[in-house]
Amino acid sequence: MLDLFYIVTFLTSLQLSWAQSPMKNHTKLQNWIQVENGRKNAFNLVNNIDTRGLTEWTSWFNIDHPGGNGDYERLEAIQFYYRERMCANPVAIEVRTTEWLTPAEAGEVVHYSLQKGFWCINKEQPDGKACSNYHVRFQCPLDWDYWSNWSGWSACSETTCGGAGIQTRNRTCLSTNTFKPTRVPKCHGHYIQRQECSTAPCPDAKWSEWGPWGPCSVKCGGGFQTRRRRCMKFMSSQTCLGKGRPVEVQACSRTPCPTANPANKRGIKRRLKFKKDKACQLICAKGRVNDDCTGCICDDHVLMGLVLTHEGGPIAAARVSMENRPGVTLARTDDKGSFHVSGVCLDKEFNVTIVREKYAPGRFPATSNGTSVFVVHAVLGRVEKPYITSHPESKTRMEGQRVTLCCKASGNPEPDKYYWYHNGTLLDRKIYNYDENLILKQLKSWQRGEYICKASNEIGVIKSSPAYLTVLASGEQICDSKPESHLIKLPIDCFQTATNSFYYNVGKCSNKRCAGELDYDLRCKDTTEFCCGVARMTMQEVQCQGYVLPVKVVDQCGCEKCVLPKILLRGRVIAADDGEPLRFGHVFVDNEQVAITGFKGAFTIQVPPDTERLVVKFVDREEKFVETIKVFPFDRKGGDVYHTVSVMRKKEPIDLDASKTNTILLGEKEGDGPMGEMVLPSGTFRRPSGEIYNGTVKASVTFLDPRDITTAAAAPSDLNFVDNEGDILPLRTYGMFSVDFREEASKEVLEANNVEVRMDVEQIKMPEHIEKMKLWSLNPDTGLWEEESEFQFIKSKRKKREERVFLIGNMEIRERRMFNLDVPENRRCYVKVRAYMNEKFLPHEQLQGIVISLINLEPKPGYTANPRAWGRFDSVITGPNGACLPAFCDAQKPDAYTAYVTATLGGEELEPPESSPKLNPNVIGVSQPYLHKLGYRRTDHDDLSLKKTAFKINLAKPNPNNIDETDGPIYAYRNVKDCENAPVSANHFRFYRVEGHKYEYNVIPFQENDLTSWTGDYLSWWPNPQEFRACYIKVKINGPHEYMVRSINDGGTHYRTKGQLYGIRDIRTVNDMRIPNISTACLEFKCSGMLFDQNIVDRTSVSVMPQGSCRRTGINSLFQEYLFKHPPQMTNNDSALFNMLAPVDPLGHNYGIYTVTDQNPRLAKEIAIGRCFDGTSDGFSREMKADRGIAVTFTCREKPATQETLFQRLQNSPLLTLSQVGRDMRENGQLQGRPSQIVAYPSVRRGQTRRVFTSRRRPGMLRRQAQ
């Protein structure tokens, strides 16, 4: 029993740091790696706790919220959710409320244990109060190698009775260091222990039970039959002699034989004549020759066996034959999966072949214990087409080098043949001598290009994703040392007359793969990946109006080690009907549980390396929702992608009498007939053991009806199948259904055989689909649909004079429980879509990682299809060149197929350009007359009250003979490369983020939608490419309008950055519709914490200032007290701004500070903004709530309309304003005859009040021109 004790005081830590000497001739990334590998952290001075040397504090965790019995932060749950952040054996713990109070300050009784974590119980609290919302952090050892617990003892090596052997147990050397994945831990001691073991004494030999009586030797006239038993020996020296006989014989068929008629006599004469004229030449080594001289009969030999599935269920009607005579069927299994064959002459060692439709055939040995009875135990797996589990990797090499491309596929039976294609041409196996691996030596430039692997087994084939091999000639460089152009936006008062714009070129590197130095070049996966990255950066100064803005630009690119961020997938699982979250559901990837959904249905998955197709299964433990398979797109460049997952609610079960025929309707839609029905004959239900079940069945059949467009997001998988050539192609659905049959009493799952699925032909509005319709089942491992059955025509009379035509398909319901009524559709196209930062649609402001979704709708009335239904649902992630979405299209009728298209980022919906009152081709991105043919309509086109977050188009296949339709945005299916490589000037559809007035500036440029663009530097806004921490302060403005608010972020306490600018953030306040004359802003500032060397904490110096005639009128009292208790203090003599050293702790809404840590910067910011808008530490809102969670308050007064501030004039007419300022300065002689001089500005200290240009600047950060 663990001791529980109250937390009264908490741990303190003393940080000792060591200076890191700069490394010359290394890139920033190399510096980062060296610092990470050699970093030193703080000793912790804690009484009575063994810190084991160097330790560090983790980030704060808050996985549970108060409710029910209290607040629980279980260590086991934290280690499960945050494996990368949490060590196995923490040495200390600290907790705080979200209001940043200790339990003692909150007056609450709490408990903790280093083995269990932290918990607070409501009923233990004084005065009946409930527990606060706590978050917790742990102190973890660094570079501490330790042994895991010993495993259990293994089974004894001796398995036979009465013997002696050895058994072992082992343990693993682990390390608490999560920053050195390549480091091998070293522990003292042995990793394995051995001990002697013995098995139980052998029991005496005994006879088995008698087997069944064999067939009688004759049919009449008296004969004999035998039965056998075997001696069950446990040691070779044992015997059953003296205890009975192995064989018993009895008389049988004593009935006299009837007198032979003339026909029989003639038959007997023919057989006698055969024996007389031609004697049988067959000689049997065992037994006797049968009557027609075709084989041998061994009357005492018996072959019996049992054929089961992997789940233990029986397999009926399986064909059994000898391996050497596969065409001769010896027997078929019965309903219990068993078979029994007598009279077959058998050897001591032989194999039996067992074949059953929809199962992979197998060869199984027959075993005997010395008797003439042979037993076969067979397990058949469901037949599975090949599936690529390891795709070849794209690589870069120099001429003369070597390369290995590897491919691996699974299937049942296992794939036995592999084929390799180069640029679409099959490579000669005799020349290249390949199997699943292709090795190329002495590479030549002509060998560059696309390589594809194809695997096959007896069932089908599958192609891999293409791998691209780049072969560089001697002296050829794929990485240009000259940086590419990359423009960043400058502040509104930094107009550049040289370029006549507000943009500045900071350069970037291409991030293409390049040929680095490898230790070994024939690995399937190169141990180190090299990319074209930043080799050198230089500091430059941008001349702004009255000050100088520092910026670092890329000066040189080189072949460096790639930045490989983690790939995460986040989302929320909700019911498709009412949005109820899937609480505490299990999430599986590759049949391994990887996550549990939270109370609100949230989940996080780290995508396994080298994943090409991410198949995820969601399982509801309470069984309210259907088990759902999803195939998710993800951002291969790293970071998070957010998906809202809709799942179907299980239909309430109905009672069926298993002894009768039952019919279940599929798709009962009001005002329309069902799509079909499921017919379950009597005796169809079976227990997994094969026993027929005739009791009451609880049957739940959940049908996803495509006639209801709201169900599209709940469609399982991605509606794809593999064709005969190995290509993954789309299906068009007419409905999906999930089945769940259970016994009434025990609730055990039942199976069903010989189930009929009938589909009403009247519901198939496209006649050409009738002949193509098939019944499919979902493979839960691959997420692909596989053919279950074809359909046949049948007519059925329901009522008098009512005749309906059905398509009939047959299926078995065993391990697969999700089925689909689909047809392959060959009218396919791609749609080009791009996402932008704002509605200016600038090419360099494209967004990556945006989830673009397309819902294919049925053709319009008047064409040969159903206007009420959707056909398929697809999602694609935008890359650096947008996204290409697969869709159905038609070349004859422009409006034959239509589609809705949406775009989301972390739950935020992006907007497409408007379509009313007039189409603007330049804004929409598609030129006329093709735009008119596509019928572009935003969702609010006819009703402005509707959301404007999607658009609808006609999917008109482009006419290759019409030049207006050859440049996108619709591309023929075979022209997918043209779509993927289309220039930004080509036609495409657009989305943009609705951010209002917002501006961000970083001294070290970084594209948040491309984590590989991160550069390690002391002035980086985000110092760690593996973890991004977003911080926001909530600012309230008392005033009649909305105002711009700015944060200026400098180094505060770190000796390398003190007084140097990190970046600037501008945001416009948002009015609260409930409260007049008040607006609020959630303003980002740079979080305090470790810089990129992960050595010393820097407390960021932050200045918050509204743009206008404003004065500070209030500071949150708790926040002010916190700053006072955590020196040094910043002076705040100037009432027009607010200065602070940013808190290191993640505080909360009671302080007006909102902090979120995530492995994707955009998602961290989205969550933090949502909490800030809501004014809570764990909520989320898109509506600003100005009455709670405020940190600083300003009051702004409005100047007369005739007196505009310089900032307002710059916003309204920047060019005219700057020209006027220049003329005024020349008239005053300030720019004539004097050289430019840069001095610190303002020249007074922060504490003094000097009114200058509307945005205040501080020494060492922004500098103005000398007067």
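See the structure shown above.
Residues numbered from 1 in each chain as written. Predicted model: local features only at pLDDT ≥ 70, side-chain atom pairs only at ≥ 80, totals over all residues. Heavy atoms only, no water.

Caption draft 1: How the structure looks around the overall build of the chain. A count of helices and strands for the chain gives 12 helices and 81 strands. Each of the 1267 residues in the chain was classed as buried or not, and the buried ones make up 50%. In the structure as shown, the chain presents an accessible area of about 61,300 Å², 50% of it carried by carbon and sulfur atoms. (Helix = DSSP H or I, 4+ residues; strand = E, 2+ residues; numbered from the N terminus. Buried < 20%, exposed > 50% of the residue type's maximum accessible area, 1.4 Å probe, protein only. Areas by Shrake-Rupley, 256 points an atom, 1.4 Å probe, with all protein chains shown as cover.)

Caption draft 2: Expanded view of the sheet that holds strand β21 (residues 362-365). Strand order in the open sheet made by the four strands is β18-β17-β20-β21, with antiparallel pairing throughout. This sheet does not close on itself; its edge strands, each paired only once, are β18 (331-332) and β21. Here strand β17 (residues 319-322) runs beside β18; their pairing, made up of two bridges, is antiparallel. Among the inter-strand pairings, R319 is bridged to a residue of β18, identified as R332. (Pairing = 2+ DSSP bridges.)

Caption draft 3: Just the nonpolar core, in detail. Core analysis: the largest hydrophobic core is formed by 48 residues, its most contacted members being L490, Y504, L549, V551 and Y1001. Mapped by element, the contributors of at least two residues to this core are β35 (530-544), β36 (547-561), β67 (998-1002), β68 (1028-1038), β70 (1061-1068), β78 (1153-1158) and α10 (1161-1174). The element contributing the most residues to this core is β36, with six residues. Formed by 38 residues, the second largest nonpolar core is a distinct cluster that contains I388, L438, L443 and L704. (Core = buried A, V, L, I, M, F, W, Y, C linked by side-chain atoms within 4.5 Å.)

Caption draft 4: Representation of the state of the cysteines in the model. Taken as a whole, this structure holds 16 disulfides when the rule is applied. A disulfide bridge connects C407 with C453, and the sulfur atoms are separated by 2.2 Å. Classification of the bridge connecting C407 and C453 rests on its S-S torsion, roughly -70°, and on that basis the disulfide is left-handed. With C407 in the loop between β25 (403-406) and β26 (408-412) and C453 in strand β30 (residues 449-456), the pair connects residues that are 46 residues apart, well separated along the chain. On the accessibility criterion, C407 (2% relative accessible area) is buried. With relative accessibility at 0%, the residue C453 sits in the buried group. Each sulfur in the disulfide pair C829 and C889 lies 1.9 Å from the other. For the disulfide bridge between C829 and C889, the dihedral angle about the S-S bond is near 65°, and by the sign convention the bridge is right-handed. Taken together, the positions of C829 in strand β57 (residues 828-836) and C889 in the loop between β60 (883-888) and β61 (898-905) put the pair 60 residues apart, joining distant regions of the chain. We note that C829, like C889, is buried. (Disulfide = S-S within 2.5 Å.)

Caption draft 5: A look at the sheet that holds strand β77 (residues 1138-1141). If you trace the five strands from one edge of the open sheet to the other, you get β67-β70-β69-β75-β77, paired in antiparallel fashion. At either end of the open sheet lies a strand with only one pairing partner, and these are β67 and β77. Sheet twist, expressed as the mean angle between neighbouring strand axes with direction ignored, is 10°. By the bridge criterion, four bridges tie strand β75 (residues 1101-1106) to β77 in an arrangement that is antiparallel. Bridged to S1101 within β77 is L1141. (Axes fitted to C-alpha atoms, helices over the stretch in contact; angles between N-to-C directions.)

Caption draft 6: Quick peek at the packing of aromatic side chains. Within the structure shown, the criterion is met by 20 aromatic pairs. An angle of 35° between the planes, with centres 5.4 Å apart, marks the rings of F951 and F991 as tilted. Residue F951 is found in strand β64 (residues 950-954), and its partner F991 is found in strand β66 (residues 989-992); the two are separated by 40 residues along the sequence. Residue class for F951 comes out buried when judged on its relative accessible area of 0%. Plain terms: the ring middles of W1022 and F1028 are 5.5 Å apart, the flat faces sit at 70° to each other, and that makes the pair edge-to-face. (Phe/Tyr/Trp six-rings, centres within 6.5 Å; stacked < 30°, edge-to-face > 60°.)

Caption draft 7: Spatial organisation of the side chain of D723. With respect to the helices, strands and loops of the structure, D723 is situated in the loop between β49 (720-722) and β50 (728-743). Nearest to the buried, unbridged D723 among oppositely charged side chains is K463, at 6.8 Å. At 3.0 Å, the side chain of D723 and the backbone nitrogen of E725 are in polar contact. Setting aside chain neighbours within four positions, we find D723 in contact with V461 and L729. (Lys, Arg positive; Asp, Glu negative; His and termini not counted. Salt bridge = Lys/Arg side-chain N within 4 Å of Asp/Glu carboxyl O. Polar contact = N/O pair within 3.5 Å; in protein donor to acceptor, adjacent residues only side chain to side chain. Contact = heavy atoms within 4.5 Å.)

Caption draft 8: Seen up close, helix α9 (residues 1117-1125). For α9, the set of buried residues is F1119, Y1122 and L1123. With its buried residues spanning 95° around the axis, α9 presents them on a single face. Facing away from the buried side of α9, by more than 90 degrees, are the exposed residues S1117, F1124 and K1125. On its buried face, α9 is in contact with β68, β77 and β78. Where α9 starts, the residue carrying a side-chain oxygen 2.9 Å from the main-chain nitrogen of L1118 turns out to be N1116. (Arc of directions from axis to C-beta.)

Caption draft 9: Structural detail: the pairing of strand β42 (residues 628-632). Where burial is concerned, most of β42 is hidden: five out of the five residues are buried. Of the strand pairs in this sheet, strand β41 (residues 614-619) and β42 are connected by five bridges, and their pairing is antiparallel. Bridge pairing links V615 to V631 in β42.

Caption draft 10: Representation of the environment of P716 within the structure. Its location among the elements puts P716 in the loop between β48 (696-704) and β49. By relative accessible area, P716 is classed as buried at 2%. C-alpha of P716 to C-alpha of M648: the two residues are 68 residues apart in sequence and 9.3 Å apart in space. Each residue touching P716, except ones within four places of it in the same chain, is listed here: I629, L704, M736, L778, W785 and M818.

Caption draft 11: Spatial organisation of the pairing of β70. The buried count for β70 comes to eight of eight residues, which makes it a mostly enclosed element. As paired strands, β67 and β70 are joined by five bridges and run antiparallel to one another. Directly across from K998, in β70, lies its bridge partner I1067. Across seven bridges, the pairing between strand β69 (residues 1044-1050) and β70 is antiparallel. Bridged to V1045 within β70 is I1067.

Caption draft 12: Quick peek at the pattern of salt bridges. Following the criterion strictly, the structure yields 43 salt bridges and no others. Ionic pairing is found between E580 and R649, a salt bridge with its closest N-O pair at 2.9 Å. Placement of E580 in the loop between β37 (567-575) and β38 (586-589) and of R649 in the loop between β43 (639-647) and β44 (654-657) is noted, with a sequence separation of 69 residues between them. Note that D1174 and R1188 form a salt bridge whose closest N and O atoms lie 3.3 Å from each other. Placement of D1174 in helix α10 and of R1188 in the loop between α10 and β79 (1192-1196) is noted, with a sequence separation of 14 residues between them. Judged by relative accessible area, which is 8%, D1174 ranks as buried. Linked through salt bridges whose partners overlap, the residues forming this network are D577, D578, E580, E622, K624 and R649.

Caption draft 13: Seen up close, α10. Counted at 1.5 Å a residue, the expected span for α10 with its 14 residues is 20 Å, and the 20 Å between its end C-alpha atoms agrees. Summarising burial for α10: 12 of the 14 residues are buried, a large majority. Regarding α10, the residues found buried are P1161, R1162, L1163, A1164, K1165, E1166, A1168, I1169, G1170, C1172, F1173 and D1174. Residue G1175 follows α10 closely and has a positive phi angle near 75°. (Expected span 1.5 Å × (residues − 1).)

Caption draft 14: Local environment of unusual backbone geometry. Backbone torsion omega between G968 and P969 reads 5°, so that peptide bond is classified as cis. In this fold, P969 is placed in the loop between β64 and β65 (970-972). That bond from P1127 to P1128 is cis: its omega, 5°, falls within 30 degrees of zero. With respect to the helices and strands, the residue P1128 is situated in the loop between α9 and β77.

Caption draft 15: Quick peek at the side chain of R742. In this structure, R742 sits in strand β50. On the basis of relative accessibility, which here comes to 18%, the residue R742 falls in the buried class. A polar side-chain atom of R742 sits 3.2 Å from a polar atom in the side chain of E623. A distance of 3.1 Å separates a polar side-chain atom of R742 from the backbone oxygen of K747. Discounting residues that sit within four places of it in the chain, R742 has contacts with E623, K650, T696, V697, K698, K747, E748, V749 and L750.

Distances and angles like these do not, on their own, reveal function.
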